[in-house]
Amino acid sequence: MLWNDVLLYASKSNYKHTNTHDYRYMLCDFSLSQLVRATGFNVLSRQSNDVNSFIARQSPIALQGILNNIGANGSLVEGASSGIVVASPSTQDPNYFYTWTRDSALTIKFLIDSYIQGNQGLGSLIQEYILAQGRLQTVDNLSGTFASGQGLGEPKYYTNETAFEGEWGRPQRDGPALRAIALIAYSKAIVAASSDNNATVHDVIWPIVSNDLSYVAQYWNQTGFDLWEEVNGSSFFTTAVQYRALVEGANFAQSVGETCDGCDSQAPNTLCFLQNYWNGTSIVSNINLQGDYQRSGLDCNSILTSIHMYDPEGGCTDSTFQPCSSRALANHKAVVDSFRNVYTINSNLGPGEAAAVGRYTEDRYYEGNPWYLCTLAAAEQLYSAIHQWNATGSITVDNLNAGFFSDLGTNTTNGNYASNSPEFATLTTAVRDYADGFVAVVQEYTPENGSLAEQFSRENGTAVSARDLTWSYASFLTMEFARNSTLPQSWGEAAANTVPNSCQASSSNGTYIEPTATSFPNVAGIVTPNGSASGSGMAGSTSSAAANRATPFLRW
């Protein structure tokens, strides 16, 4: 019956395809709303029920997609230096064959979390990345010199570790913070495993982290280009990850017998400044703009911020925009709703139905399409929120987040609902189903071979822009971790979420010292959550091909 209905609808729609006898292509080319009209079936519900099997198929593809894009042996990035994470193998329309500090750090942070969970084959690759970042830090560029620290704000480099000297939106001030966060995560894991790793962390990793923390403390209060590289001003995402890096950095410095005075002095002011992005109902993702930009401020930037500020030991704290906070949930609704009437593929989707999510509705890059990483981030925030509710033992519905819950059809009034209440079960089930819906959207518009580009068409869901985007693959895998409650380390949010009574426009003079390590000593194995030991014995030698370096992706 389904195929007959599809064929009938196709004939009425004058559907054409280069291979009109292969009806598989026909089904893939129809939008969700077209299939619903043609068949009367709730396709989104059918796909939501199949999310588990989709994730099981897509997960190893996404991991391999990352490994294919990391030098020196990634199969799609010939010529990239060891440990260099390439944004995409695409070299034209657009050319993304560069390494971005931000994209690389976010990707490696996932690989580090996976390594901690037992994927021990990633150890040498992580170490190659760390050594490469030590080299990149010292490359003078158009953002500035290493000696002044300003060069650390350069957003991208050639894949042979030389400076890119073309016009670009620079500086971008999120990269050093994200890199510090990633390297701290790896350091904490190996130090917790064995005191034998203390010297390695102090001598090899701390110099790189120290430079990044100096940069953040010195330049956090200056404007720069946002994570989309388009507007110069203050970016919510940038300020948030800077704050997190300063909090983690202060504790990390102490743990290795060092100090980070700039971390201690600047973190409170950064948190205070972070509150300026909240307008009472949603997050304005870019403020203090240098130029005339006509935007609402609703931006995937803000959802990405929430998932990268997530602390599994934190509560639903508004000041740090935790995934389960009332602010973050209200903002999630506002951002997702803004795309409902913008994309053709979102036609007929009402409030509370998962939709394709792009960067911002005014986007015109490649005509302004949904992004895989933004749609996946919408799911990831909700999965992380569910964990936080379970961990804290309750859900609070209030005036700020009531609209979010109401859209899901829960009919729950304002109040606090304990985890043993029927209302709690109703709410968490509804949120999980909603989150699964965003994954189902990605499932619908993922090609059969599992490749993830940067964007998918607003009109028909076909792949758009750079192919095999590393960040898209990483976003899929971090979503999976959140869905499975595979938890990252705490970054200390619970002890650092009190906003000062007043903000100060301040900074701290940075000290920048060239990292000198050229290889890693053997690293004693870590103890994984299942109690087994893992580790890496890299000693600066050339490692095996990336395709052979990782063990099969693990699920917990």
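Every value quoted in this text rests on a predicted model; they were computed, and no experiment measured them.

Remarks on the overall build of the protein chain
Link 1 in the chain: Secondary structure summary: the protein chain contains 18 helices and eleven strands in total.
Link 2 in the chain: Residues counted as buried form 61% of the 556 residues belonging to the protein chain.
Link 3 in the chain: Nonlocal contacts in the protein chain, meaning residues at least 24 apart in sequence, comprise 70% of its contacts between residues at least 6 apart.
Link 4 in the chain: Carbon and sulfur atoms make up 47% of the accessible area of the protein chain, which totals about 20700 Å².

Topic: the environment of Gly262
Link 1 in the chain: Checked against the element boundaries, Gly262 lands in helix H11 (residues 261-274).
Link 2 in the chain: Taking C-alpha positions, Gly262 is 8.4 Å from Ala250, a pair spaced twelve residues apart along the chain.
Link 3 in the chain: Setting aside anything within four residues of it in sequence, one finds Gly262 in contact with Ala217, Leu246, Ala267 and Ser508.

Some thoughts on the nonpolar core
Link 1 in the chain: One finds Tyr186, Trp228, Leu304 and Trp389 to be the most contacted residues of the largest nonpolar core, which totals 141 residues.
Link 2 in the chain: When neighbours within four sequence positions are excluded, Leu304 is seen to be in contact with Leu227, Trp228, Phe237, Leu373, Ala377 and Trp471.
Link 3 in the chain: In this structure, Val77, Val86, Phe97 and Leu136 belong to the second largest nonpolar core, which totals ten residues.

What to know about the pattern of salt bridges
Link 1 in the chain: Scanning the model with the defined rule gives 17 salt bridges in all.
Link 2 in the chain: A salt bridge links Arg102 to Asp174; its shortest N-O distance comes to 3.0 Å. With a gap of 72 residues between them, Arg102 in helix H6 (residues 101-116) and Asp174 in the loop between strand S2 (156-157) and helix H8 (175-193) connect regions that are remote in the sequence. By the burial criterion, Arg102 is buried, and Asp174 matches it.
Link 3 in the chain: As a salt-bridge pair, Asp337 and Lys333 come within 2.8 Å of each other at their nearest N and O atoms. Taken together, the positions of Asp337 and Lys333, both in helix H13 (residues 326-338) and four residues apart, correspond to about one turn of that helix.
Link 4 in the chain: For Asp337, a relative accessible area of 23% translates into the label partly exposed.
Link 5 in the chain: Assessed through its relative accessible area of 23%, Lys333 is described here as partly exposed.
Link 6 in the chain: Through salt bridges with shared partners, one network takes in Arg102, Asp103, Asp174 and Glu229.

Description of empty space enclosed by the protein
Link 1 in the chain: Following the criterion strictly, the structure yields four cavities of 30 Å³ or more and no others.
Link 2 in the chain: Estimates place the volume of the largest cavity at around 420 Å³.
Link 3 in the chain: Lining the largest cavity are 24 residues, with Lys109, Asp113, His308, Glu380 and Thr478 positioned closest to its centre.
Link 4 in the chain: Listed by contribution, the elements that provide at least two residues to the lining of the largest cavity are H6, H8, helix H12 (300-308), helix H14 (372-392) and helix H17 (470-483).
Link 5 in the chain: When residues of the lining of the largest cavity are assigned to their parent elements, the largest contribution, six residues, is made by H17.

What counts and what doesn't
- Residues numbered from 1 in each chain as written.
- Predicted model: local features only at pLDDT ≥ 70, side-chain atom pairs only at ≥ 80, totals over all residues.
- Heavy atoms only, no water.
- Helix = DSSP H or I, 4+ residues; strand = E, 2+ residues; numbered from the N terminus.
- Buried < 20%, exposed > 50% of the residue type's maximum accessible area, 1.4 Å probe, protein only.
- Contact = heavy atoms within 4.5 Å.
- Areas by Shrake-Rupley, 256 points an atom, 1.4 Å probe, with all protein chains shown as cover.
- Core = buried A, V, L, I, M, F, W, Y, C linked by side-chain atoms within 4.5 Å.
- Salt bridge = Lys/Arg side-chain N within 4 Å of Asp/Glu carboxyl O.
- 1 Å grid on protein atoms, 1.4 Å probe; cavity = no way out; pocket = protein on both sides within 12 Å on 5 of 7 lines; lining within 4 Å.
- Points joined across faces, edges and corners; volume = space filled by probe spheres on them.

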